[in-house]
Amino acid sequence: MKTTVTNNPKIAAAFIKAGEIAAFPTETVYGLGADAYNEKAVKKIFKAKGRPVDNPLIVHIANKKDINVLAQEITPSAKKIISKFFPGPVTVILKKNEIIPPATTAGLDTIAIRMPAGRLAQQLIKAAGVPIAAPSANLSGSPSPTNFLHVLRDFNNKIPCLLIGPPAKYGLESTVIDCTGKNPVILRPGSVTLEQIKKLDKNAVIQKKGGKIKSPGQKYKHYSPKADVRIINVKREMSNVKRNEAFIGLDRNLGKGFEKVLICRSMNDYARKLFSFFRECDDEGIKTIWCQKVAEKGIGAAIMNRLNKAIH
Ligand code: AMP
Ligand code: MG
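Residues numbered from 1 in each chain as written. Chains lettered and ligands numbered in written order. Predicted model: local features only at pLDDT ≥ 70, side-chain atom pairs only at ≥ 80, totals over all residues. Heavy atoms only, no water.

Caption draft 1: Layout of the overall build of the protein chain. The secondary structure content of the protein chain amounts to 10 helices and 15 strands. For the protein chain, the C-alpha radius of gyration of 19 Å lies close to 20 Å, the compact-globule estimate for 312 residues. The principal-axis extents of the C-alpha atoms in the protein chain amount to approximately 60 × 50 × 30 Å. For the protein chain, restricting intrachain contacts to residue pairs at least 6 apart in sequence, the fraction spanning at least 24 positions comes to 68%. Accessible surface for the protein chain amounts to roughly 13,900 Å². Of this, 53% is attributable to carbon and sulfur atoms. Within the protein chain, the 25 negative side-chain charges are centred at a point lying 3 Å from the centre of the 51 positive side-chain charges. (Helix = DSSP H or I, 4+ residues; strand = E, 2+ residues; numbered from the N terminus. Rg over C-alpha atoms; globule rule 2.2 N^0.38 Å. Contact = heavy atoms within 4.5 Å. Areas by Shrake-Rupley, 256 points an atom, 1.4 Å probe, with all protein chains shown as cover. Lys, Arg positive; Asp, Glu negative; His and termini not counted. Charge placed at Lys NZ, Arg CZ, Asp CG, Glu CD.)

Take a look at the structure:
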């Protein structure tokens, strides 16, 4: 199959309307989308990605009013998060309405809803005229795509359409927040942090490790480059630094002696560049990627979440 590559959201929307899948840019990562109401179309996403069928998709909307169609009830905790962070890099989980086919939510009775802030994503959803179910546009298990070249690397001539746009502003997937209960529970940390959510609701928490997994995606190894990922905290003996090893982090001294080094300007910069660095390292034959450990506060919680999942 030939992939139509376009920068025109109307062209990509025509594929979605016709029951096909299309990759598109968002401010978090690139997504691989289909009409959320069309079971057959949604199944094509799982097939193209090799995604486990029990891992539900996020439904992307362009208008807050659509939440009333998709969800049974907008809980008070969801209301606050939606009014502060929609559109943006946040996904809320609510009880779903019947209108959504089981394939989209992997049979769960809840639905993940996000309103992306990116202009092209919004134009695409509006032109398609339906909510767009989309996970990240990568082969299952590999790092999420933060620019259109990453999407082509995984899917050139394997999907019908790619809408190209700028590189992702955040570079990490959205913060997923379960809003079905009294207090918001962060199932997957992201660029919108626990500290920010706590300002809206002081009882908000990040789901404990080892607790019942409510976000199926979190049980899979994820985001992994082919290289071994290791977390580095203190300076290693220089003589131990081998060829084919790379470093990403904030501390210039920690990165000395590595074959490939990326020193990030800030925690946000680290988050934005992490997946792209993983992919570059694989392209260059790097065997081990040392990633600097950061404190699990603010966006550091999201960085450590992705690093821990990337370890082989
Ligand atoms: P991706 O966009 O590829 O990061 O995948 C979507 C993420 O949202 C996965 O981690 C899913 O487990 C999570 N997700 C989607 N729907 C739900 C839901 N109803 N409840 C909990 N997590 C969900
Ligand atoms: Mg994903």
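Caption draft 2: Examining a nonpolar patch on the surface more closely. A grouping of Tyr37, Val69 and Ile99 is seen on the molecular surface, where their side chains present a nonpolar patch of about 230 Å² in accessible area. Inspection of the secondary structure puts Val69 in helix H3 (residues 66-70). (Patch = residues over 30% accessible without salt bridge, like charges linked within 9 Å, V, L, I, M, F, W, Y side chains within 5 Å. Salt bridge = Lys/Arg side-chain N within 4 Å of Asp/Glu carboxyl O.)

Caption draft 3: Highlighting helix H9 (residues 267-283). Between its first and last C-alpha, H9 extends 24 Å over 17 residues, near the 24 Å set by a 1.5 Å rise per residue. Of all the bends in H9, the greatest, near 40 degrees, is centred on Lys273. Within H9, burial applies to Asp269, Tyr270, Ala271, Leu274, Phe275, Ser276, Phe277, Phe278, Arg279 and Cys281. Close packing links the buried residues of H9 with helix H7 (148-155), strand S12 (228-232), strand S13 (245-249), strand S14 (260-263), strand S15 (288-292) and helix H10 (300-310). Gly285 sits one or two positions beyond H9 and adopts a positive phi of about 75 degrees. (Expected span 1.5 Å × (residues − 1). Bend = angle between axes of the 7 residues up to and from the residue. Buried < 20%, exposed > 50% of the residue type's maximum accessible area, 1.4 Å probe, protein only.)

Caption draft 4: How the structure looks around the sheet that holds S13. Strand order in the open sheet made by the four strands is S12-S15-S13-S14, with parallel pairing throughout. Each of the sheet's edge strands pairs with one partner strand only, and the pair in question is S12 and S14. Taken over all neighbouring pairs, the strand axes of this sheet differ in orientation by 15 degrees on average, direction set aside. Of the pairings in the sheet, the one linking S13 to S15 comprises four bridges and is parallel in character. Note on S15: the bridge partner recorded for Ile248 is Cys291. Sitting on the sheet, H9 touches S12, S13, S14 and S15, and the angle it makes with S13 is about 170 degrees. H10 rests against S12 and S15 of the sheet, and its axis sits at about 135 degrees to S12. (Pairing = 2+ DSSP bridges. Axes fitted to C-alpha atoms, helices over the stretch in contact; angles between N-to-C directions.)

Caption draft 5: Structural context of the packing of H7 against H9. Contact pair H7 / H9: the axes reach a minimum separation of 11 Å and the direction vectors enclose 50 degrees. In terms of orientation, H7 and H9 fall into the oblique class. Considering the relative orientation of H7 and H9, their crossing is left-handed. Contacts from His150, Arg153 and Asp154 of H7 reach H9 at Ser276, Arg279 and Asp283. Taken together, the residues that form the contact of H7 with H9 break down as no nonpolar, two polar and four charged. (Parallel < 35°, antiparallel > 145°, perpendicular 65-115°, else oblique. Left-handed = near helix turned anticlockwise from the far one by under 90°. Nonpolar A, V, L, I, M, F, W, Y, C, P; charged D, E, K, R; others polar.)

Caption draft 6: Structural context of the sheet that holds strand S10 (residues 185-188). Read from one edge of the open sheet, 11 strands run S1-S8-S2-S3-S7-S4-S6-S5-S9-S10-S11, paired in mixed fashion. Looking at which strands have only one partner, the edges of the open sheet turn out to be strand S1 (4-6) and strand S11 (205-206). Pairing of strand S2 (residues 22-24) with strand S8 (residues 161-163), which is carried by two bridges, proceeds in the parallel orientation. Opposite Ala23, over in S8, you have Leu162 as the bridge partner.

Caption draft 7: Inspection of the nonpolar core at higher detail. Core analysis: the largest hydrophobic core is formed by 41 residues, its most contacted members being Val92 and Ile113. Broken down by secondary-structure element, the contributors of at least two residues to this core are strand S3 (31-35), helix H2 (39-49), H3, helix H4 (76-85), strand S5 (90-95), strand S6 (110-114) and H7. Not counting the four nearest positions on each side in its chain, Val92 is found in contact with Ile81, Ile82, Phe86, Ile111, Ala112, Ile113, Ile177 and Cys179. Counting 23 residues, the second-largest nonpolar core is a separate cluster that includes Ala227, Cys281, Ile289 and Ala302. (Core = buried A, V, L, I, M, F, W, Y, C linked by side-chain atoms within 4.5 Å.)

Caption draft 8: Seen up close, the pairing of S3. Within S3, five of the five residues are buried, which leaves the element mostly enclosed by the surrounding structure. Two elements, S2 and S3, share three bridges in a ladder whose sense is antiparallel. By the bridge assignment, Ala22 is partnered in S3 with Gly33. If you look at the hairpin formed by S2 and S3, you'll find six residues sitting between the two strands. Two strands pair when backbone bridges link them, and S3 and strand S7 (residues 132-134) are joined in this way by two bridges, in the antiparallel orientation.

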